[in-house]
Amino acid sequence: MRQLALCILVVCCAWACAEPASTASASPFEAADHIFAEFSLDAHIPGLVYGVVADGRLVHVGTFGVQDLNSGGPVTADTLFRIASMTKAFTALTVLKLRDDGRLRLDAPAEEYVPEMRGWKYPTGDSPRIRVRDLLNHIAGFVTDDPWGDRQTPLPEPEFTQLLREGVPFTRSPALAYEYSNLGYAILGRIVTNVSKQPYAETITRGLLRPLGMDSSGFVADAAPLERRALGYRWQDDSWHLEPTLGPGAFGAMGGLQTSANDYAKWVAFLLAAWPARDGADSGVVARATIRELAEGSNFPRFRDRPGRHAEGCRQAVAYGMGMLIAMDCELGLTLSHGGGYPGYGSHVLLLPNRNVGLFAFANRTYAGPSGPLWDAALALEKAGLLGRDRAVPVGADLARAYRTAGEIYKAGDVMAGRDLLAMNFLLDRDADGWARDLARLKAQVGDCQTTELLTASGELTGDFTWRCKHGRVKGSLELAPTRPPRIQALELKPISP
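Here is what the cut-offs are and how they apply
- Residues numbered from 1 in each chain as written.
- Predicted model: local features only at pLDDT ≥ 70, side-chain atom pairs only at ≥ 80, totals over all residues.
- Heavy atoms only, no water.
- Helix = DSSP H or I, 4+ residues; strand = E, 2+ residues; numbered from the N terminus.
- Buried < 20%, exposed > 50% of the residue type's maximum accessible area, 1.4 Å probe, protein only.
- Polar contact = N/O pair within 3.5 Å; in protein donor to acceptor, adjacent residues only side chain to side chain.
- Contact = heavy atoms within 4.5 Å.
- Core = buried A, V, L, I, M, F, W, Y, C linked by side-chain atoms within 4.5 Å.
- Pairing = 2+ DSSP bridges.
- pLDDT = per-residue confidence, 0-100.
- Axes fitted to C-alpha atoms, helices over the stretch in contact; angles between N-to-C directions.

Caption draft 1: Structural view of the side chain of serine 196. Mapping serine 196 onto the fold places it in helix H7 (residues 182-196). With relative accessibility at 10%, the residue serine 196 sits in the buried group. A distance of 2.6 Å separates a polar atom in the side chain of serine 196 from the backbone oxygen of valine 192. Side chain to side chain, serine 196 and threonine 203 meet in a polar contact 2.9 Å long. Discounting residues that sit within four places of it in the chain, serine 196 has contacts with Arg103 and Thr203.

Here is the structure:
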């Protein structure tokens, strides 16, 4: 479980204090620092910070440029950036927490908590009413609204109430397809407000930010000291232009949070700590199982190219979870990610929950979109051996016993050597005589095998192994039946061909 942290601590002791990239020497993150330095230059970004979190710690920070072009103050790990749509995960987890507290139901119609939606005209007569869950998964039937939605952050609550009362046009019936919607998350913010009986921002602050020690983070950008803030700029006509600061309002739930690298690292560590599922105390701000729900994708998967310069040969299967995009990557495995684009800012986060590692980046240029360099940096760290491997699934007593039985079966050349541990289907699917012939052919081809080689569990009741034999190798797998006690329902043994 702590393999990655040990690797990082041993290899990277020189930067244990998260020294900024501008002053680090011989850093194992030199390649990642270079990627972000080039991106900052090419994308005309005044200032950028990125961080790497492993085993609950911010183990590296890279800083580039300035937080304010007028003062020239350098970006630091405490510089505050607007993180735009990366706010959505905070909103989603707050909704789930309210569900845990018995205050709302995910499958309830959203209009149960937002009365202004009750008179809406839906696109077809058979359209289902929008559920809270549909808003979380972006399947409410709303149109993608980034250009418009990003400018709605300071919308006054009474005006949002009027918008909801009048109803909105749909692009399709709810629950038919995924389509990203800032409006949907603004409605979730209104649900949080109505259910918690206090403003959305206050609920997030009391329920997540303060308990996690994110004391510098908040939804009113101007409330923070100017010397701490990264001002947002637009690159236009070959020059930078200061963007106006968007104040708090009804759309804050979709993208209004301001935070620093040091603060956000606490959030990343908090999320990653929910993996793996385990016994033991679960007394955190939100239950671990609830946090893991953020990774439960909707029923509308799709393919995309991996972000960054190394997309070739690695198409990803992706689905939107709850405030997080879930993807399986051919090299990094399970990933949770989300970007943020905003007037004056761009951001991205990438979590590798099975490795207990997270990366994030903030920039102060309109729609800077550091997703590409962040994924490129993750791949650079992977190639450098700094990301470790996925956590190993422990081999339990039942699986270990079945594996020993598989070895005994091979040595005896007879499945009846393990009869007491065979499930009722085993000999019905292939009788003992058939197994004897199969085993005899395999032993004639590869000879005696070392049947105590490492078993790799893929679950409590499944595992894979490779045996080294006198004349080759055997690849095998085990599946146990869901019975008490678990017995072998399937055993596969195949020679490895060159």
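There's more to say after this.
Caption draft 2: The arrangement of unusual backbone geometry in detail. Across the junction of tryptophan 275 and proline 276, the peptide omega takes the value -10°, indicating a cis bond. Secondary-structure assignment places proline 276 in the loop between helix H10 (261-272) and helix H11 (288-292). Proline 485 follows arginine 484 through a cis peptide bond whose omega is -5°. A positive phi angle is found at alanine 84, which is not glycine, with a value near 55°. The exposure class assigned to alanine 84 is buried, which follows from its relative accessible area of 1%. A positive phi is found at alanine 175, a non-glycine position, where the angle reads about 65°.

Caption draft 3: Local environment of the side chain of arginine 306. Mapping arginine 306 onto the fold places it in the loop between strand S7 (302-305) and strand S8 (315-320). Given a relative accessible area of 3%, arginine 306 falls into the buried group. Engagement of the side chain of arginine 306 in a polar contact is seen with the backbone oxygen of histidine 310, the distance being 2.8 Å. At 3.0 Å, the side chain of arginine 306 and the side chain of glutamate 331 are in polar contact.

Caption draft 4: Region of the structure containing the nonpolar core. The biggest cluster of nonpolar side chains holds 88 residues, and the ones touching the most others in it are Ile187, Ile191 and Trp267. At nine residues, H10 tops the list of elements feeding residues into this core. By size, the runner-up hydrophobic cluster in this structure holds 28 residues, among which are Tyr50, Ala54, Val59 and Leu381.

Caption draft 5: Seen up close, the pairing of strand S15 (residues 472-480). With eight bridges joining them, strand S14 (residues 462-469) and S15 adopt antiparallel strand pairing. Note on S15: the bridge partner recorded for glycine 463 is leucine 478. Two successive antiparallel strands, S14 and S15, enclose a turn made up of two residues. For S15 and strand S16 (residues 488-495), the ladder comprises seven bridges, and the chain directions are antiparallel. Counterpart to glutamate 479 in the pairing with S16 is alanine 490.

Caption draft 6: Focus on the confidence of the model for the protein chain. For the protein chain, the average pLDDT comes to 94, and 95% of its residues sit at 70 or higher. The low-confidence segment residues 1-25 (pLDDT under 50) makes 47 contacts with residues lying over four places distant or belonging to another chain.

Caption draft 7: Expanded view of the sheet that holds S8. On the basis of which strands lie adjacent, the open sheet formed by eight strands has the order S2-S1-S12-S11-S10-S9-S8-S7 and antiparallel pairing. Bordering the open sheet on either side are strand S2 (57-65) and S7, each of which pairs with just one other strand. If you compare each strand with its neighbour and ignore which way they point, the axes differ by 20° on average. One ladder, built from five bridges, connects strand S9 (residues 325-329) with strand S10 (residues 333-342); its direction is antiparallel. Note that in S10 the partner of leucine 325 across the bridge is serine 337. Contacts between H10 and the sheet are confined to strand S1 (47-54), S2, strand S11 (345-352) and strand S12 (357-363), with S12 contributing the most and set at about 150° to the helix. Each of S1, S7, S8, S9, S10, S11 and S12 touches helix H12 (residues 371-383); the most contacted strand, S11, lies at about 30° to it.

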